[in-house]
Amino acid sequence: MTTRLPFFLLVVLAVGATARAQPAPQRTKPTQPTPKDLDEARRHFQAAEAAKARGAYQTAAVEYLAAYELFAEPEFFFDVAEVYKLAGDEASALTYYEKYLELDPRGRGAAVARASSQELRRSIAATEDAARRAEEDKRKAEAQAQAQVPPPKAPELPPAPARSESPGRGLRIAGMATGAAGAIAIGVGVAFGLRARAIGSETATWDTFDPQRYAEGKAAQRNMIIFTGVGAAALVAGGVLFYLGGQAGPTAESGKGLTLAPAIGPAEIRLTAAGRF
């Protein structure tokens, strides 16, 4: 409060005169500041006012509190609240307004402190509510994005080749299609793995346990295992099909045949073989 300077100096002079006029009592802890304490408090107060005038609000708060340590005048807490409010630190400003009102509920700045406290409470509540809604929207968006990831589709096998086609051509095509599906599934599994890793790194910085976020991480890890397992199996099956397709020529010419029917499910791959040998 810039209008408090004369009042502060008068209080300092009055307390200082009293301290000089009376002999110091024999106590372990003085109840009044010494003249040296008052001089130091005045210097801190003036330094705080200068810092406030040039916009160095954090420095001003430190100087006001240093003055209070030497001369316990409650209005110093009011001044600290004011500079924190100017600095945009609403939580600290509210804390020191409340400290001031607790010590001097009928002080000169009490009405301003009460009004400012109510304003700060509303502002802090609105900020916290907006942050909470933003976090909820972010989690919903992430959940929707995760739900929209399609599962790997089973490759569509080509129709049975006619007799005139090259022996084993259908198996080679089925092998390539199955291998391609496996590569896609592995890619999806890697994406889930990166997501699980990111969430795992995030948990290391948590102050409080977030069960929903933890469940998302576990789901991503589970999907990673499923997709990479299915993809790896599909790659192996595709390689087997392609190899058998390359070896199907002699069997077809000798009147013997081999038919392989691959089937890919969410967590398994089946390969059925049938024919004459």
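## Things to note about the side chain of Q146
Part 1 of the reasoning: Residue placement: Q146 occurs in helix 6 (residues 110–147).
Part 2 of the reasoning: Note on Q146: relative accessible area 18%, which makes it buried.

## Quick look at helix 4 (residues 75–87)
Given 3.6 residues per turn, any residue in an α-helix points the same way as the ones three and four places further on.
Part 1 of the reasoning: End to end, helix 4 covers 19 Å across 13 residues, agreeing with the expected 18 Å (1.5 Å per residue, within 8%).
Part 2 of the reasoning: Burial in helix 4 covers these residues: E75, F76, F77, F78, D79, V80, A81, V83 and Y84.
Part 3 of the reasoning: Just downstream of helix 4, G88 is the residue with a positive phi angle, here 90°.

## Points about helix 3 (residues 57–70)
Part 1 of the reasoning: The end-to-end C-alpha distance of helix 3, which contains 14 residues, comes to 20 Å, matching closely the 20 Å that a straight helix rising 1.5 Å per residue would cover.
Part 2 of the reasoning: Listing the buried residues of helix 3 in full gives A60, A61, Y64, A67 and Y68. Down the axis of helix 3, the buried side of the element spans an arc of 125°, and every buried residue falls inside it.
Part 3 of the reasoning: The inward-facing, buried residues of helix 3 abut helix 2 (35–53), helix 4 and helix 5 (90–103).

## With respect to the pattern of salt bridges
Part 1 of the reasoning: The final tally for this structure, using the stated rule, is eight salt bridges.
Part 2 of the reasoning: R42 is the salt-bridge partner of D39, the closest N and O atoms lying 2.7 Å from each other. Taken as a pair, D39 and R42 lie in helix 2 at a separation of three residues, close to a single helical turn.
Part 3 of the reasoning: D39 gets classed as partly exposed once you look at its relative accessible area, which sits at 28%.
Part 4 of the reasoning: The class for R42 is partly exposed, based on a relative accessible area of 22%.
Part 5 of the reasoning: Connected through shared salt-bridge partners, D129, R132 and R133 make up one network.

## Some thoughts on the packing of helix 3 against helix 4
Part 1 of the reasoning: With their axes 9 Å apart at the nearest point, helix 3 and helix 4 run at an angle of 170° to one another. As far as their axial angle goes, helix 4 and helix 3 are roughly antiparallel. Two secondary-structure elements touch here, helix 3 through Y57, Q58, A60, A61, Y64, L65, A67 and Y68 and helix 4 through F76, F77, D79, V80, V83, Y84, L86 and A87.
Part 2 of the reasoning: Considering only residue class, the contact of helix 3 with helix 4 consists of 14 nonpolar, one polar and one charged.

## A few points about the packing of helix 2 against helix 3
Part 1 of the reasoning: Closest axis-to-axis distance for the helix 2/helix 3 pair is 8 Å, and the angle between their directions is 165°. Classified by the angle their axes make, helix 2 and helix 3 are roughly antiparallel. As for the relative orientation of helix 2 and helix 3, their crossing is left-handed in sense. From helix 2, D37, E40, A41, H44, F45, A47, A48, E49, A51 and K52 reach across to helix 3, where they touch Y57, T59, A60, E63, Y64, A66, A67 and L70.

## Description of the confidence of the model for the protein chain
Part 1 of the reasoning: The predicted model of the protein chain averages 78 in pLDDT, with 74% of residues at 70 or higher.
Part 2 of the reasoning: Low pLDDT, under 50, characterises residues 9–30; the stretch is placed with twelve contacts to residues that sit more than four places away or in other chains.
Part 3 of the reasoning: Residue range residues 251–255 is modelled with pLDDT below 50. Its contacts to residues more than four positions away, or to other chains, number four contacts.

## Describing the nonpolar core
Soluble globular proteins tend to bury their nonpolar side chains together.
Part 1 of the reasoning: Judged by nonpolar contacts, the single largest core of 28 residues is most densely connected at Y64, F76 and Y97.
Part 2 of the reasoning: Taken together, the elements giving at least two residues each to this core come down to helix 2, helix 3, helix 4, helix 5 and helix 6.
Part 3 of the reasoning: With seven residues, helix 4 is the largest single contributor of residues to this core.
Part 4 of the reasoning: Core analysis: the second largest hydrophobic core is formed by five residues, V188, A196, A220 and F227 among them.

## Describing the environment of L157
Part 1 of the reasoning: Within the element layout of this structure, L157 appears in the loop between helix 6 and helix 7 (169–203).
Part 2 of the reasoning: Residue class for L157 comes out partly exposed when judged on its relative accessible area of 42%.
Part 3 of the reasoning: Along the chain, L157 and G170 lie 13 residues apart, while their C-alpha atoms are 8.3 Å from each other.

Rules behind the numbers
- The numbering scheme is per chain: residues are counted from 1 as the chain's sequence reads.
- Thresholds applied to this predicted model are a pLDDT of at least 70 for local features of residues and 80 or more for the giving and counting of side-chain atom pairs; totals over whole chains, interfaces and linings are not thresholded and use all residues.
- Here the side-chain values reflect all heavy atoms present in the structure, with hydrogen atoms and water set aside.
- The way it works is that DSSP assigns letters per residue, a run of H or I at least four long becomes a helix, a run of E at least two long becomes a strand, and they are numbered from the N terminus.
- Here the term buried applies to any residue with accessible area under 20% of the maximum for its type, exposed to any over 50%, and partly exposed to those in between, with areas from a 1.4 Å probe on protein chains only.
- Given a helix with a known number of residues, its expected span is that number minus one, times 1.5 Å.
- Arc definition: directions from the helix axis to the C-beta atoms.
- Contacts were defined at the residue level, with two residues in contact if any of their heavy atoms lie within 4.5 Å.
- Salt bridge, as applied in this entry: a Lys or Arg side-chain nitrogen positioned within 4 Å of an Asp or Glu carboxyl oxygen.
- Where helices are involved, their axes are fitted lines through C-alpha atoms of the stretch in contact, as for all axes, and angles between N-to-C directions lie from 0 to 180°.
- Working definition: roughly parallel below 35 degrees, roughly antiparallel above 145 degrees, roughly perpendicular at 65 to 115 degrees, and oblique for all remaining angles.
- Note on residue classes: Ala, Val, Leu, Ile, Met, Phe, Trp, Tyr, Cys and Pro are nonpolar, Asp, Glu, Lys and Arg are charged, and everything else, Gly too, is polar.
- With the far helix as reference, a near helix turned anticlockwise by less than a right angle produces a left-handed crossing, and one turned clockwise produces a right-handed crossing.
- Confidence of the predictor at the level of single residues is given by pLDDT, which spans 0 to 100.
- To qualify as a nonpolar core, a set must consist of buried Ala, Val, Leu, Ile, Met, Phe, Trp, Tyr and Cys residues joined through side-chain atoms within 4.5 Å.

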